[in-house]
Amino acid sequence: MAKMKLFIVPSADFATTAGDYVARRMFDFGDAVSFVLGTATGGTMEGIYSTLVGKARRDSDLGLCLRTAHYFGMDEYVGLEPDNPQSYEFFMKKHLLAPLGTPTRNLKLPSEKTVLASPLAEDGRSVYDQMIFDVGGIDLQLAGIGENGHLAFNEPGSMRTSWARRVELAPGTKEANARFFSNSSEVPCEAYTMGIQTILRAKSVVLCASGKKKARAVQRMIEGRPGSDCPASFLLDHGDVTVFLDWDAASDLRSGLYT
Ligand code: PGA
């Protein structure tokens, strides 16, 4: 089992440190003009995207890389139109593509069309998975972790071999995401998500978690064994995973091991 690289930083430095690291890693993959970035959404990512945008404005190589990259979103709610401010398409355009000047055609998200169309091959991969294969796979996958250990919307119980698909959200996920909606009854019950198999095929993964509410899931992910009860723990089987935590998110880790 490969070791995850772990950085524990103060909350105030979290977004800048993680964003700086992501920007550096983007040049590890050779041809930065056709970079493939797997993107995550949610509160944790906002600060990291803002760091990337700020750096891209000062560094023309990074700016070019981010303007020409292919973006593949990890997930999207079922039933929200792209112009709905709670949709992940809207989030990505607002926080990353528009400020960078990246054409919106560079962004793909799992959708009814790309996920529910019949599987393309005997292995069950979806059109969305094939689109990722066709551009050579994801170079760097950004990820968060749910309070229940979900990875994208691969909720507990998800299989390591899963491809992109339509899933039901766990009650705790709907509760956690209700803060983004004016009314908790507006939180969609279902989503399209990238599967674990595709995430594990990314060349590198950077997972970020902040806040006390993530501490239990983070402890389970890092100190347990890979398993469906905590889908993010499947990343223990990946050879190039970097985890950024603030002190709160790291607070359940066994003391002394990481200092
Ligand atoms: P958050 O979401 O950044 O809004 O906490 C992360 C996730 O649920 O994966």
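Report on the accompanying structure.

Conventions used here
- Residues numbered from 1 in each chain as written.
- Predicted model: local features only at pLDDT ≥ 70, side-chain atom pairs only at ≥ 80, totals over all residues.
- Heavy atoms only, no water.
- Helix = DSSP H or I, 4+ residues; strand = E, 2+ residues; numbered from the N terminus.
- Buried < 20%, exposed > 50% of the residue type's maximum accessible area, 1.4 Å probe, protein only.
- Contact = heavy atoms within 4.5 Å.
- Axes fitted to C-alpha atoms, helices over the stretch in contact; angles between N-to-C directions.
- Parallel < 35°, antiparallel > 145°, perpendicular 65-115°, else oblique.
- Left-handed = near helix turned anticlockwise from the far one by under 90°.
- Nonpolar A, V, L, I, M, F, W, Y, C, P; charged D, E, K, R; others polar.
- Pairing = 2+ DSSP bridges.
- Near = heavy atom within 4 Å.
- Polar contact = N/O pair within 3.5 Å; in protein donor to acceptor, adjacent residues only side chain to side chain.
- Phe/Tyr/Trp six-rings, centres within 6.5 Å; stacked < 30°, edge-to-face > 60°.
- Lys NZ or Arg CZ within 6 Å of the ring centre and 35° of its normal.
- Salt bridge = Lys/Arg side-chain N within 4 Å of Asp/Glu carboxyl O.

Considerations on the overall build of the chain
So, step 1. Within the chain, the regular secondary structure consists of 9 helices and 10 strands.
So, step 2. Dimensions of the chain, computed from C-alpha atoms along their principal axes, come out at roughly 50 × 40 × 40 Å.
So, step 3. Split into buried and exposed, the 259 residues of the chain put 52% on the buried side.
So, step 4. At a minimum sequence separation of 6, the contacts of the chain that also span at least 24 residues come to 77%.

Section: the packing of helix H2 (residues 43–58) against helix H3 (residues 60–68)
So, step 1. Where H2 contacts H3, the two axes come as close as 5 Å, and the packing angle between them is 125 degrees. In terms of orientation, H2 and H3 fall into the oblique class. Handedness of the crossing formed by H2 with H3: left-handed. Residue-level contacts link Leu 52, Lys 55, Ala 56 and Arg 58 of H2 to Ser 60, Leu 62, Gly 63 and Leu 66 of H3.
So, step 2. For the contact of H2 with H3, the class distribution of residues is 4 nonpolar, 2 polar and 2 charged.

What to know about the sheet that holds strand E1 (residues 5–9)
So, step 1. The strand order E1-E10-E9-E6-E2-E3-E5 describes an open sheet built from 7 strands, whose pairing is parallel. Here the strands that pair on one side only, and so sit at the sheet edges, are E1 and strand E5 (107–108).
So, step 2. With 4 bridges connecting them, strand E6 (residues 140–143) and strand E9 (residues 204–209) associate as parallel partners. Paired with Gln 141 across the strands is Val 205, a residue of E9.

Section: the sheet that holds strand E8 (residues 190–193)
So, step 1. One open sheet accounts for 3 strands, arranged E4-E8-E7; its pairing is antiparallel. Sheet topology places strand E4 (75–77) and strand E7 (165–168) at the edges, where each strand pairs with a single neighbour. The average angle at which neighbouring strand axes cross in this sheet is 30 degrees, direction not considered.
So, step 2. Pairing analysis gives 3 bridges linking E4 to E8, with the strands arranged antiparallel. Bridging across to E8, Glu 76 finds its partner in Tyr 192.

Details of the site of the ligand
So, step 1. Around the ligand lies a shell formed by Gly 42, Gly 43, Thr 44, Gly 144, Ile 145, Gly 146, His 150, Arg 179, Phe 180 and Lys 214.
So, step 2. A distance of 2.9 Å is found between an oxygen atom of the ligand and a backbone nitrogen or oxygen belonging to Gly 43.
So, step 3. Here Arg 179 contributes a side-chain N or O atom positioned 2.9 Å from an oxygen atom of the ligand.

Some thoughts on the pairing of strand E3 (residues 70–73)
So, step 1. Direction of pairing for strand E2 (residues 36–39) relative to E3: parallel, over a ladder of 4 bridges. Within the sheet, the bridge partner assigned to Thr 39 lies in E3 and is Gly 73.

A word on the packing of aromatic side chains
So, step 1. Evaluated as defined, the whole model comprises 10 aromatic pairs.
So, step 2. Members of the aromatic cluster, connected to one another through ring pairs, are Tyr 77, Tyr 88, Phe 153 and Phe 181.
So, step 3. Taking NZ or CZ as reference, Arg 125 lies 4.3 Å from the ring centre of Phe 133, over its face.

A short note on helix H9 (residues 215–223)
So, step 1. Of all 9 residues making up H9, 7 are buried, and the element is well covered by its neighbours.
So, step 2. Those residues of H9 not exposed but buried are Ala 215, Ala 217, Val 218, Arg 220, Met 221, Ile 222 and Glu 223.
So, step 3. Buried residues belonging to H9 abut E1, E9 and strand E10 (241–246).

A word on the pattern of salt bridges
So, step 1. Overall, the coordinates contain 11 salt bridges when judged by the stated rule.
So, step 2. Close ionic contact of Arg 125 with Asp 123 constitutes a salt bridge, the shortest N to O distance being 2.7 Å.
So, step 3. Overall, Asp 123 belongs to the partly exposed group, its relative accessible area being 36%.
So, step 4. Lys 203 is the salt-bridge partner of Asp 139, the closest N and O atoms lying 2.9 Å from each other. One end of the pair, Asp 139, is in the loop between helix H6 (127–134) and E6; the other, Lys 203, is in the loop between helix H8 (196–201) and E9, with 64 residues separating them in the sequence.
So, step 5. When its relative accessible area of 38% is taken as the criterion, Lys 203 is described as partly exposed.
So, step 6. When salt bridges that share partners are traced, they join Arg 25, Asp 28 and Asp 240 into one network.

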